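Each chain, letter by letter, is given below.
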Amino acid sequence: MFEMRRMNLFAVILCFALAFGIAAPAVAADAPAPGTVINKDNVDQYKDFFPEFWMDAFYTGFDGFIEPLSITITETVPNPHPKPFLEASALNKGKYSIDAEGYITGGPDKDVVGFPFPDIDPQDPHFAQKLMWNYDYKYTMDDMVGRFLNYELRRGGKVATSDVENFLISFQNRMYDDPKPLYETPQGYRSANLIRNLAPPVQRNFITLLIRYIDQRSADTTYLYLPSMRRVLRGEAGERSTPIMSSTQAPDDFFGFAGRIPEFTYTLLADKKTIAMADNKMNFETTKTINPEQYLPIQTDGWSVREAYVIEIIPKNPKYPQGRKVLWVDKETLVGLYAAAWDRAGKLWKVWQIPNSREKNNSSPGETSPYGSNIGFDLQLGYAVQMFGTWNLNGNGLTHEDISTSALRKLGR
């Protein structure tokens, strides 16, 4: 009798739900198995594994910037940070904390080596802020020399290319090349990135130098070499949010997000499985013979299911051009997977996908380090850029003098 009453009650509830349009809770789709092909015909089945703004890549290719995407899922494999870096990170457990302004406290800034907040708990009220400090201090390289090819496309136009060389030094968080873990400079540099345009001829020797300081409270510095004037100019603080030549990215947009951590607030929106490009093989060498006209080239294999945090980023400066950004951060690597930015009116502005790779370490054969590339779409301007880089990680012997304002003048001659 009891069972009969329970069945009758269930029937009444079901009829009520159908009559008034009350939907049953959605059931999350299973993660796709390796070998699964995802395209516009079946992507809706897997929409929970992608950012909502990325779905149009499958439907229209963002109105023709890329051919409507069709990807093949591969097995998820680890992509860890180097062992010395993780060992240094473990020593920081319980050492540092966050002050009311969002700065790290617990010791001199120059002594931070590794992740400052290993093993953080998502229940920690400062979790998002600490995660982003870990994101900021993740291991990238001791030094790096790179060459990358940009494929550029304006809506309704044809694909053009630009050739760029890149020099980077980490003065802090060095793991392999002496001096380590800190290469002290008179100016207190933490990192420097010199970007030199080589082609097309109209852009040749336009050079950007981006500097970040060990002192958390010091604003970043930008220098520009203008070949038409043969002069080095110091950029304004706002240059961090201004796109560099041949890119949809401003310096703060590099790899999804590269802003100064205390200048933004952070909220954890989700902790979820995400399908992302985790084994990027396309680089300067493999793509320089590609000559597309209609679409930007994009790798369609090497996509896998990754665990990710979804972080909302809001600028503290009310005049900052982006009103909001959302960043998908790979849990293991802390490299970005996707990012999107909205303007101050709340309209979607830019979308990025960050192909992740495993870069060989010249200073420790057999080891690799996670790294990111970029494809970006400025949806309001109607402009998209895909970057393919070949990186020579560590062992380049770069010095402070190689990445300086005097180096800009020498390279620009």
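About the criteria used
Residues numbered from 1 in each chain as written. Predicted model: local features only at pLDDT ≥ 70, side-chain atom pairs only at ≥ 80, totals over all residues. Heavy atoms only, no water. Helix = DSSP H or I, 4+ residues; strand = E, 2+ residues; numbered from the N terminus. Rg over C-alpha atoms; globule rule 2.2 N^0.38 Å. Contact = heavy atoms within 4.5 Å. Salt bridge = Lys/Arg side-chain N within 4 Å of Asp/Glu carboxyl O. Buried < 20%, exposed > 50% of the residue type's maximum accessible area, 1.4 Å probe, protein only. Phe/Tyr/Trp six-rings, centres within 6.5 Å; stacked < 30°, edge-to-face > 60°. Lys NZ or Arg CZ within 6 Å of the ring centre and 35° of its normal. 1 Å grid on protein atoms, 1.4 Å probe; cavity = no way out; pocket = protein on both sides within 12 Å on 5 of 7 lines; lining within 4 Å. Points joined across faces, edges and corners; volume = space filled by probe spheres on them. Nonpolar A, V, L, I, M, F, W, Y, C, P; charged D, E, K, R; others polar.

Peer 1: Account for the overall build of the protein, with residues named and values stated.
Peer 2: Scanning the protein from terminus to terminus reveals seven helices and 19 strands. Scaling as 2.2 N^0.38, a compact globule of 413 residues should have a C-alpha radius of gyration of about 22 Å, and the protein matches this with 23 Å. Long-range contacts, defined as pairs at least 24 residues apart, comprise 63% of the intrachain contacts of the protein with a sequence gap of at least 6.

Peer 1: Break down the pattern of salt bridges for me, citing the residues and quoting the values.
Peer 2: For the structure on display, the rule yields 24 salt bridges. Two residues, Glu165 and Arg196, come together in a salt bridge whose shortest N-O distance is 2.7 Å. With a gap of 31 residues between them, Glu165 in strand β6 (residues 160-170) and Arg196 in strand β7 (residues 189-199) connect regions that are remote in the sequence. For the residue pair Glu165 and Arg196, the accessibility class agrees, reading buried in each case. Residue Arg260 is joined to Glu263 by a salt bridge in which the shortest nitrogen-to-oxygen separation is 2.6 Å. Given a relative accessible area of 9%, Arg260 falls into the buried group. The class of Glu263 is partly exposed, set by a relative accessible area of 34%. In the salt-bridge network here, residues are joined through shared partners; they are Asp136, Arg190, Arg212, Asp220, Arg260 and Glu263.

Peer 1: Describe the packing of aromatic side chains, naming the residues involved and giving the relevant values.
Peer 2: On inspection of all chains with the given rule, the structure shows 24 aromatic pairs. Ring geometry for Phe85 versus Phe115: centroids 4.8 Å apart, planes at 85 degrees, classification edge-to-face. Residue Phe85 is found in helix α4 (residues 83-90), and its partner Phe115 is found in the loop between β4 (104-105) and α5 (127-137); the two are separated by 30 residues along the sequence. Exposure class is identical for Phe85 and Phe115. Each is buried. Here the aromatic rings of Tyr139 and Tyr176 are separated by 6.3 Å at their centres, their planes lie at 75 degrees, and the arrangement is edge-to-face. With a gap of 37 residues between them, Tyr139 in the loop between α5 and β5 (143-154) and Tyr176 in the loop between β6 and β7 connect regions that are remote in the sequence. The exposure class of Tyr139 is buried, given its relative accessible area of 1%. On the basis of relative accessibility, which here comes to 15%, the residue Tyr176 falls in the buried class. Ring-pair connections join several aromatic residues into one group, and the members of that group are Trp54, Phe62, Phe65, Tyr338 and Phe377. Its guanidinium or amino end placed over the ring of Tyr135, Lys138 lies 3.6 Å from that ring's centre, counting from NZ or CZ. In this structure, Arg154 is placed above the aromatic ring of Tyr383, and the distance from its NZ or CZ to the ring centre is 4.2 Å.

Peer 1: Pulling in residues and values, what's your account of empty space enclosed by the protein?
Peer 2: Tallying each qualifying case throughout the model produces six cavities of 30 Å³ or more. Reported here for the largest cavity is a volume of approximately 680 Å³. Looking at the largest cavity, it is lined by 32 residues, and the ones nearest its centre are Asp136, Thr140, Ser191, Arg212 and Phe255. When residues of the lining of the largest cavity are traced back to their parent elements, those giving at least two are α5, β6, β7, β8 (207-213) and β17 (368-372). In terms of residue count, β7 provides more of the lining of the largest cavity than any other element does, four residues in total. Looking at side-chain class alone, the lining of the largest cavity contains 17 nonpolar, nine polar and six charged residues.

Peer 1: Describe unusual backbone geometry, and please don't skip the residues or the numbers.
Peer 2: The amide bond that connects Asp178 to the next residue, Pro179, takes the cis arrangement and shows omega of -5 degrees. At the junction of Ala199 and Pro200, the peptide bond is cis and its omega measures out at 5 degrees in the coordinates. Structurally, Pro200 is set in the loop between β7 and β8. Of note, Asn173 is a non-glycine position whose phi angle comes to about 70 degrees, a positive value. Positionally, Asn173 belongs in the loop between β6 and β7. Given the relative accessible area of 7%, Asn173 is considered buried.

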